[in-house]
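# Summary of the model geometry
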Amino acid sequence: FPYTTLFRSQKDETTIGGVTDFGLSLVLSGGTLAVSAQFTDSGHVFVYTRSTVGAGWSILGSLSPPDLPKDARFGYSLSIDGGQILIGAPYDSSFAPDQGSAYFFDGGPASWTFRRKIASFPDGGSKDNFARSVLLHGDTAWVGVPGRVSGTGAVDVFVRDMTGDWVEQTTLVAPDGQPDDDFGASLALAGPTLAVGADGRDKHAGALYVFDGSAGRWTHSATLTSSGSASLGASLSAAGD
């Protein structure tokens, strides 16, 4: 098994008592680690910081907004960039069943403060699953909405304005989108290139849509498929080239 070397350098292990779904999603950036327990109550995200002494991790606390209904699955998606965390709750039914929402927190490394909740208005609706995927980079945030328009899907793009607030800038859609494609199921950014997963396309064969960005504008440049694939684009990660 060629991947065993990945486990030989384990330095620490962490668990949370009374939580059975700890670790269903996680994100690591620099000295900050966020780990979700999305089925516990409305969902929790536990935030850790790297120890300054040794190789361990110290827990800072748990993020869990009080306004969420049970089973909102806060923490389904996570993204960290510098002193910001973006957390998705795609089954938030506060506005409509499973419409979804996302939360910005500022801070780090010692504390985190709620900044803003966002949802899809005025185009949001039931079963949109807004924020099933989230991506945060600098003053731009991408939020996947794979359930929109009967599962055709979309990606809402938000930018931070001069006051520090987040406002919706544009919406990306697949040029050939169809119901049940689930465009926006996953997101990844490499430099000026954004990849969007649509794992339901062509009866769940799946596809990746690539967009090139410049000056706040995003242009579709390629659609990637693979013969014989199943659910291509269900998850994505990118770095460099």
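Positions within a chain are numbered from 1, following the residues in the order the chain's sequence is written. Only residues with pLDDT of 70 or above have their local features reported here, since the model is predicted, and side-chain atom pairs are shown and tallied only from 80 upward, although totals for entire chains, interfaces and linings are computed over all residues. Think of the side-chain values as coming from all heavy atoms in the structure, minus any hydrogens and water.

### Digging into the pattern of salt bridges
Let me state the cut-off plainly: In the sections that follow, a salt bridge refers to a side-chain nitrogen of Lys or Arg positioned within 4 Å of a carboxyl oxygen of Asp or Glu. A helix here means a DSSP run of H or I that spans at least four residues, while a strand means a run of E at least two residues long, and both kinds are numbered starting from the N terminus. Each residue is assigned to one of three classes by its accessible area relative to the maximum for its type, calculated with a 1.4 Å probe on protein chains only: buried under 20%, partly exposed between the two thresholds, exposed over 50%.
Scanning the entire structure with this criterion turns up nine salt bridges. Put simply, R116 and D165 hold a salt bridge, and the shortest N to O gap is 3.3 Å. Within this pair, whereas R116 is found in strand β8 (residues 112-118), its partner D165 is found in the loop between β11 (154-160) and β12 (166-172), the two being separated by 49 residues in sequence. Residue D165 is classed as partly exposed on the basis of its relative accessible area, which comes to 31%. Of the charged contacts in the structure, one is a salt bridge between R201 and D176, with a shortest N-O distance of 3.0 Å. Placement of the pair is R201 in helix α2 (residues 201-204) and D176 in the loop between β12 and β13 (183-190), with a sequence separation of 25 residues. Overall, the relative accessible area of 14% leaves R201 in the buried class.

### Quick word on unusual backbone geometry
The backbone of D71 shows a phi angle near 70 degrees, a positive value even though the residue is not glycine. Locating D71 in the fold gives a position in the loop between β4 (57-63) and β5 (77-81). A positive phi is found at H204, a non-glycine position, where the angle reads about 75 degrees. Relative to the helices and strands, H204 resides in helix α2.

### Some thoughts on the pairing of β5
Defined as follows: Only when DSSP finds a minimum of two bridges between them are two strands counted as paired.
Burial analysis of β5 places four of its five residues in the buried class, the great majority of the element. Bridge count between β5 and strand β6 (residues 84-89): five bridges; the pairing is antiparallel. Note on β6: the bridge partner recorded for L78 is I87. The loop that links β5 with its antiparallel partner β6 comprises two residues; one of these, G82, has a positive phi angle of about 55 degrees.

### Regarding the packing of aromatic side chains
Convention followed: Ring geometry is summarised as follows: Phe, Tyr and Trp rings, the Trp one being its six-membered ring, pair when their centres sit within 6.5 Å, and such pairs are stacked at plane angles under 30 degrees, edge-to-face over 60 and tilted between the two.
Counted according to the given criterion, the structure contains eleven aromatic pairs. Seen from their ring centres, Y103 and F114 are 6.0 Å apart, and the 55 degrees between their planes marks the pair as tilted. Here Y103, found in strand β7 (residues 101-107), pairs with F114, found in strand β8; they are eleven residues apart in sequence, far enough to count as distant. Three or more aromatic residues joined by ring pairs form one cluster here, namely F74, Y103, F105 and F114.

### Considerations on the sheet that holds strand β1 (residues 26-29)
Our working definition: The axes used here are C-alpha line fits, helices contributing only the stretch in contact, and every angle between their N-to-C directions lies in the interval 0 to 180 degrees.
With antiparallel pairing, the four strands of this open sheet are ordered in space as β1-β2-β3-β4. Both edges of this open sheet fall to β1 and β4, since each of them pairs with a single strand only. Averaged over neighbouring strand pairs, the angle between their axes works out to 20 degrees when direction is ignored. Bridge count between β1 and strand β2 (residues 32-37): four bridges; the pairing is antiparallel. Residue pairing across strands places V27 opposite A34, the latter belonging to β2.

### Some details on the confidence of the model for the protein chain
Our working rule: pLDDT expresses how confident the predictor is about each individual residue, on a scale running from 0 to 100. It only takes one pair of heavy atoms within 4.5 Å for two residues to be counted as in contact.
For the protein chain, per-residue confidence averages 87 on the pLDDT scale, and 88% of positions sit at 70 or higher. Confidence drops under pLDDT 50 across residues 1-10; counting only partners more than four residues distant or on other chains, this segment forms zero contacts.

### Some words on the sheet that holds β11
The sheet built from four strands is open, its strands ordered β9-β10-β11-β12 with antiparallel pairing. Both edges of this open sheet fall to β9 (133-137) and β12, since each of them pairs with a single strand only. For this sheet the average axis-to-axis angle between neighbouring strands, irrespective of direction, equals 20 degrees. The pairing of strand β10 (residues 140-145) with β11 spans six bridges and is antiparallel. What sits directly across from T140, in β11, is V159.

### Thoughts on the side chain of D182
Quick reminder of the rule: His residues and chain termini do not enter the charge count, which takes Lys and Arg as positive and Asp and Glu as negative.
Mapped onto the secondary structure, D182 falls in the loop between β12 and β13. Of the side chains with opposite charge, R132 lies nearest to the buried D182, which makes no salt bridge, at 4.1 Å. In contact with D182, other than residues within four places in its own chain, are R132, P146, G151, T152, G197, A198, D199 and G200.

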